[in-house]
Amino acid sequence: MKRSDRLVAMTNYLVEHPMELVSLPFFSNLYDSAKSSISEDLAIVNKSFKQQGIGYLLSVSGAAGGVKYIPDYSIENSEAFVQELCDKLEDPSRLLPGGYLFMSDLLGEPATVRNIGRLFATVFSDKEIDVVVTVATKGIPLAYAVASFLNVPVVIVRRDPKVTEGSTVSINYVSGSSKKIQTMVLPKRSLNEGTKVCIIDDFMKAGGTINGIKELLAEFNAHVSGIGVLAEAEDDEEERVVDQYISLVQITNVDVKNKQIEVHKGNFFK
């Protein structure tokens, strides 16, 4: 295989297997090439990743060593993408009763969802995440996007138990927005004790839902290593119950009557 062909093939393999340690002998055998040539190729791939601002190759030495593709979106790429999100979300026609925003169209765009996943993976790539957890339903595409870059499975918390999921663990929690007592359930087989979890959701006001997820995960003795929300909004009526989280955009000064809204970059950049 020519070097140009090999570079394309290696790049594709690494991007399709993020956070996975790949040994040099694996590539050497796969492409029938000397380890020295593979090492040179990886240096070229690493340089290209960095120039594009999409990540880098982490080298691990030793007999069981190799390289690992780490998704790491550059600050320039991140700021440009989030600013574009802010511009789209500031459209007054998106305002919904209760200070919420219509975002279903954005969550249905594969390219947008993929970039959101890439940004959260950049923040949480060093947390040794085992599972990405979200609650049905709008957080599901975001969770899968993040999980695809962290190369981990997704676990979905639901409001009602399903017969096909077997025995479940359930809790009652108080919704931050509606102030109503609601239920969350998770199959007993979904998590192992001590699992490191990243919680992903699309929207947060007071944080009642995410706090409920944390309480449910505590029943599994799981460790919450990170929380990511696409959009956070101010809630003047209730104090926020979640303080350790990462947001991409922040919604402020919502005036439903006069159709005015301000959307700024979230604490991702702080």
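What counts, and at which threshold
- Residues numbered from 1 in each chain as written.
- Predicted model: local features only at pLDDT ≥ 70, side-chain atom pairs only at ≥ 80, totals over all residues.
- Heavy atoms only, no water.
- 1 Å grid on protein atoms, 1.4 Å probe; cavity = no way out; pocket = protein on both sides within 12 Å on 5 of 7 lines; lining within 4 Å.
- Points joined across faces, edges and corners; volume = space filled by probe spheres on them.
- Helix = DSSP H or I, 4+ residues; strand = E, 2+ residues; numbered from the N terminus.
- Nonpolar A, V, L, I, M, F, W, Y, C, P; charged D, E, K, R; others polar.
- Buried < 20%, exposed > 50% of the residue type's maximum accessible area, 1.4 Å probe, protein only.
- Arc of directions from axis to C-beta.
- Contact = heavy atoms within 4.5 Å.
- Lys, Arg positive; Asp, Glu negative; His and termini not counted.
- Salt bridge = Lys/Arg side-chain N within 4 Å of Asp/Glu carboxyl O.
- Core = buried A, V, L, I, M, F, W, Y, C linked by side-chain atoms within 4.5 Å.
- Expected span 1.5 Å × (residues − 1).
- Pairing = 2+ DSSP bridges.
- Axes fitted to C-alpha atoms, helices over the stretch in contact; angles between N-to-C directions.
- Phe/Tyr/Trp six-rings, centres within 6.5 Å; stacked < 30°, edge-to-face > 60°.
- Parallel < 35°, antiparallel > 145°, perpendicular 65-115°, else oblique.
- Left-handed = near helix turned anticlockwise from the far one by under 90°.

Caption draft 1: Looking closely at the layout of surface pockets. Estimates place the volume of the largest pocket at around 490 Å³. Around the largest pocket, the lining is made up of 25 residues, and of these Tyr100, Asp201, Asp202, Phe203 and Thr209 lie nearest the centre. Secondary-structure elements contributing two or more residues to the lining of the largest pocket are β4 (100-101), β9 (196-204) and α8 (208-218). When its residues are assigned to classes, the lining of the largest pocket shows eleven nonpolar, nine polar and five charged.

Caption draft 2: Fine view of helix α2 (residues 24-31). Within the span of α2, buried status applies to Phe27, Ser28 and Tyr31. Buried residues of α2 fall within an arc of 100 degrees about the axis and therefore sit on the same side. Packing partners of the buried residues in α2 comprise α1 (3-16), α3 (35-52) and β2 (66-71). Just past α2, the residue Asp32 takes up positive phi, approximately 50 degrees.

Caption draft 3: Structural detail: the side chain of Arg118. Structurally, Arg118 is set in helix α6 (residues 110-124). Despite its burial, Arg118 pairs with no opposite charge; the closest candidate is Asp72, at 10 Å N-O.

Caption draft 4: The nonpolar core, seen in detail. One finds Leu14, Phe27 and Val249 to be the most contacted residues of the largest nonpolar core, which totals 59 residues. Of the residues forming this core, the biggest block, eight residues, is contributed by helix α7 (residues 140-150). Every residue in contact with Val249, bar those within four places of it in the chain, is listed here: Val82, Leu85, Cys86, Leu89, Leu230, Ala231, Glu232, Val263, His264, Lys265 and Gly266. The next biggest cluster of nonpolar side chains, apart from the first, holds 24 residues, and it includes Val157, Ile171, Ala222 and Tyr245.

Caption draft 5: Local environment of α3. The end-to-end C-alpha distance of α3 is 26 Å, a good match for the 26 Å that 18 residues give at a rise of 1.5 Å each. Listing the buried residues of α3 in full gives Ile38, Asp41, Leu42, Val45, Asn46 and Phe49. Buried residues in α3, looked at end-on, bunch into an arc of 140 degrees, giving them a common side. Structural note: α3 exposes Lys47, Lys50 and Gln51 on the side pointing more than 90 degrees away from its buried face. Along its buried surface, α3 packs onto α1, α2, β1 (55-60) and β2. Of the residues one or two after α3, Gly53 is the one with positive phi, at around 70 degrees.

Caption draft 6: The arrangement of the sheet that holds strand β6 (residues 154-157) in detail. Taken together, six strands build an open sheet; the order of strands is β6-β5-β9-β10-β11-β12 and the sheet is mixed. One side of each edge strand has no neighbouring strand; the edge strands of this open sheet are β6 and β12 (260-265). Averaged over all pairs of adjacent strands, the angle between their axes in this sheet comes to 25 degrees, without regard to strand direction. Both β9 and strand β10 (residues 223-233) contribute to a ladder of eight bridges, which runs parallel.

Caption draft 7: Focus on the packing of aromatic side chains. Under the definition given, this model contains seven aromatic pairs. When the ring of Phe120 is compared with that of Phe124, the centres are 6.3 Å apart and the planes differ by 10 degrees; the resulting orientation is stacked. Note that Phe120 and Phe124 are positioned in helix α6 at a spacing of four residues, about one turn of the helix. For the pair Phe268 and Phe269, a centre-to-centre distance of 5.0 Å together with 80 degrees between the ring planes defines the contact as edge-to-face.

Caption draft 8: Region of interest: the packing of helix α4 (residues 75-89) against α6. Following both chains from N to C, one finds α4 and α6 inclined at 130 degrees, their axes separated by 11 Å at the closest point. Relative to α6, the element α4 is oriented oblique. As α4 runs across α6, the sense of the crossing is left-handed. Side by side, α4 and α6 meet where Ser78, Phe81, Val82 and Leu85 of the first sit next to Thr112, Asn115, Ile116 and Leu119 of the second. Split by residue class, the contact of α4 with α6 holds five nonpolar, three polar and no charged.

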